Amino acid sequence: WWTLWALWSFAVEVVAVGEGGGERFIEQVAAAAPPSSGGDVAQALVTSFSAFAAANIDVLTPSMAAHVTTADTAYAHHVRTARAKLAAYRSRTSRGLPVAGFGRSAADLVSKTLAGYDRATAMAAGTPAAPYRAARREELRKAATRGVRECFVAQMAALQKNSLDRFERRLLSGDAGKTQGGLPPVDDGFDDGRAAVRTAAFLFDTAASDVEVPSLGLRKTKYVADTTAKLGEALEKFPDSPEAQLRRIGRVKKAASKPRAPQERAVSAGVNLVAMFRPDGFGNFQGFAGYNAGPHGVIVGVHNDADAPETISQLGGVRPPFVRVQPKLSFDVQL
């Protein structure tokens, strides 16, 4: 009944295509198609003709033709469904936005697409059309996997960019004590910077775990290593970056222009005593000792030069006194 409906609804023409004439036939059909769909028609014909040629079908019986048609119809339906889902992914990844649960969703997309195709073409299994069915299934798998891989790469690139930007903002705001994206501020120490790199790499690893698709071989290992290396480079280059230099200059200016806090007025007094003992002798012994207690202090000296001629001559021929005490009173005033 399907064949009768197709013959009644469309102008169907059966054309025998000889060996090597498939390409010319596809060009003719594509040229006759409407301009808006010529490229799609040509691509569909190329795909279908290549799969049909690879199936090595010698005689196309009505039952085999039905299986081939079923495979083409199932392929077209499921590839459209997969492309619609991938388009939703691309609408977010193209803007640098994450796709929540991408890894699980992408794995389900591929598995459900292939499972739906297998159910729709189950009648062709074990028939001479089975190679054609398998070829179309492989094309469907490649189309879905290719789109998932593109979205995976785009998301990893966006995650890496966001991690580096967040890490640089954290370095810039380290002295201000601000928190950037769950990262504590970075001090000036090298160890603190390395700890910040490990924290940022851990956050990237956690986010990448939600994006990887292990069933398709799309893993995060390479991207985690690359991101960790770039975070280390950013930490090493940061002190010489223009942003860091401007931040240091700004801190110096701010500290210089900051008004001093008012001090309390106070007056403190201190007493200092200086004592000198000059016993008999010719100056071959001399020593000093001192003690301070806050603003007060005592200094005691000993010099046995009372019999030295130069000492007596300095005092006008008189021996120096045995002990001499000199008090000193000091005041410290804060206004």
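Please refer to the structure higher up on the page.
Since the model is a prediction, treat every value here as computed from it, not as a measurement.

From N to C terminus, the chain includes ten helices and four strands. When the helices and strands of the chain are read in sequence order from the N terminus, they spell out α-α-α-α-α-α-α-α-α-β-β-β-α-β. A total of 335 residues make up the chain; the buried ones form 30% of that total. In the chain, 67% of the contacts between residues at least 6 apart in sequence involve partners at least 24 apart. In the form shown here, the chain has an accessible surface area of approximately 21800 Å², with 59% of it arising from carbon and sulfur atoms.

As a further point, take the pattern of salt bridges. Applying the stated rule across the entire model yields twelve salt bridges. The partner of Glu150 in a salt bridge is Arg90, and the shortest N-O contact between them spans 3.1 Å. Taken together, the residues span a long stretch of sequence, with Glu150 in helix 6 (residues 130-172) and Arg90 in helix 4 (residues 62-93) at a distance of 60 residues. For Arg90, a relative accessible area of 34% puts it in the partly exposed group. Between Asp226 and Lys230 there is a salt bridge, with its nearest N and O atoms 3.5 Å apart. Of the two residues, Asp226 and Lys230 both sit in helix 8 (residues 221-237), four residues apart, roughly one turn of that helix. In this structure Asp226 comes out as partly exposed when scored by relative accessible area, which is 33%. Here the salt bridges share partners, and the residues they tie into one network are Asp72, Arg136 and Glu139.

Counted residue by residue, strand 2 (residues 286-293) has zero buried out of eight residues, so it is predominantly exposed. Remark: two residues form the turn of the hairpin made by strand 2 and strand 3 (residues 296-303), two consecutive strands paired antiparallel; Gly294 in that turn has positive phi of roughly 70°.

A few words on the packing of helix 4 against helix 5 (residues 102-120). One can describe the packing of helix 4 onto helix 5 by two numbers: an axis separation of 9 Å at closest approach and a directional angle of 165°. In terms of orientation, helix 4 lies roughly antiparallel with respect to helix 5. In this structure, the crossing between helix 4 and helix 5 has a hand that is right-handed. Along the contact surface, helix 4 presents Thr70, Ala71, Ala74, Tyr75, His78, Ala82, Lys85, Leu86 and Tyr89, while helix 5 presents Phe102, Ser105, Ala106, Leu109, Thr113, Gly116, Tyr117 and Ala120. Taken together, the residues of the contact of helix 4 with helix 5 sort by class into eleven nonpolar, five polar and one charged.

Turning our eyes to something else, we now look at the packing of helix 5 against helix 6. Running from N to C, helix 5 and helix 6 cross one another at 170°; their axes reach a closest spacing of 10 Å. It follows that helix 5 is roughly antiparallel to helix 6 by the angle criterion. On helix 6, the residues touching Phe102, Ala106, Leu109, Val110, Thr113, Leu114, Tyr117 and Asp118 of helix 5 are Arg133, Arg136, Arg137, Leu140, Arg141, Ala144, Thr145, Val148, Cys151, Phe152 and Gln155.

Bringing the nonpolar core into the picture now. Core analysis: the largest hydrophobic core is formed by 32 residues, its most contacted members being Tyr89, Phe102, Val148, Phe152, Met156 and Phe204. Per-element tally for this core: the top contributor is helix 6, with nine residues. One finds Leu164, Ala196, Ala201 and Leu231 within the second-largest nonpolar core, a separate group that totals ten residues.

For the rest of this paragraph, the subject is the pairing of strand 3. Bridge count between strand 2 and strand 3: eight bridges; the pairing is antiparallel. Paired with Ala289 across the bridge in strand 3 is Val300.

Right, let's get into the environment of Pro309. Its place among the elements puts Pro309 in helix 10 (residues 309-314). Take Pro309: its relative accessible area is 55%, and that puts it in the exposed class. For the pair Pro309 and Phe282, spaced 27 residues apart in sequence, the C-alpha to C-alpha distance is 8.1 Å.

This brings us to the side chain of Gln160. If you trace the backbone, Gln160 turns up in helix 6. Here the side chain of Gln160 touches Asp226 through a polar contact of 2.8 Å, side chain to side chain. A distance of 3.0 Å separates a polar atom in the side chain of Gln160 from a polar atom in the side chain of Lys230.

Here we come to helix 9 (residues 242-257). Taking 1.5 Å per residue as the helical rise, helix 9 with its 16 residues ought to reach 22 Å, and the 22 Å between its terminal C-alpha atoms agrees with that figure. Little of helix 9 is tucked away: one of the 16 residues are buried.

So, how was this worked out
- Residues numbered from 1 in each chain as written.
- Predicted model: local features only at pLDDT ≥ 70, side-chain atom pairs only at ≥ 80, totals over all residues.
- Heavy atoms only, no water.
- Helix = DSSP H or I, 4+ residues; strand = E, 2+ residues; numbered from the N terminus.
- Buried < 20%, exposed > 50% of the residue type's maximum accessible area, 1.4 Å probe, protein only.
- Contact = heavy atoms within 4.5 Å.
- Areas by Shrake-Rupley, 256 points an atom, 1.4 Å probe, with all protein chains shown as cover.
- Salt bridge = Lys/Arg side-chain N within 4 Å of Asp/Glu carboxyl O.
- Pairing = 2+ DSSP bridges.
- Axes fitted to C-alpha atoms, helices over the stretch in contact; angles between N-to-C directions.
- Parallel < 35°, antiparallel > 145°, perpendicular 65-115°, else oblique.
- Left-handed = near helix turned anticlockwise from the far one by under 90°.
- Nonpolar A, V, L, I, M, F, W, Y, C, P; charged D, E, K, R; others polar.
- Core = buried A, V, L, I, M, F, W, Y, C linked by side-chain atoms within 4.5 Å.
- Polar contact = N/O pair within 3.5 Å; in protein donor to acceptor, adjacent residues only side chain to side chain.
- Expected span 1.5 Å × (residues − 1).

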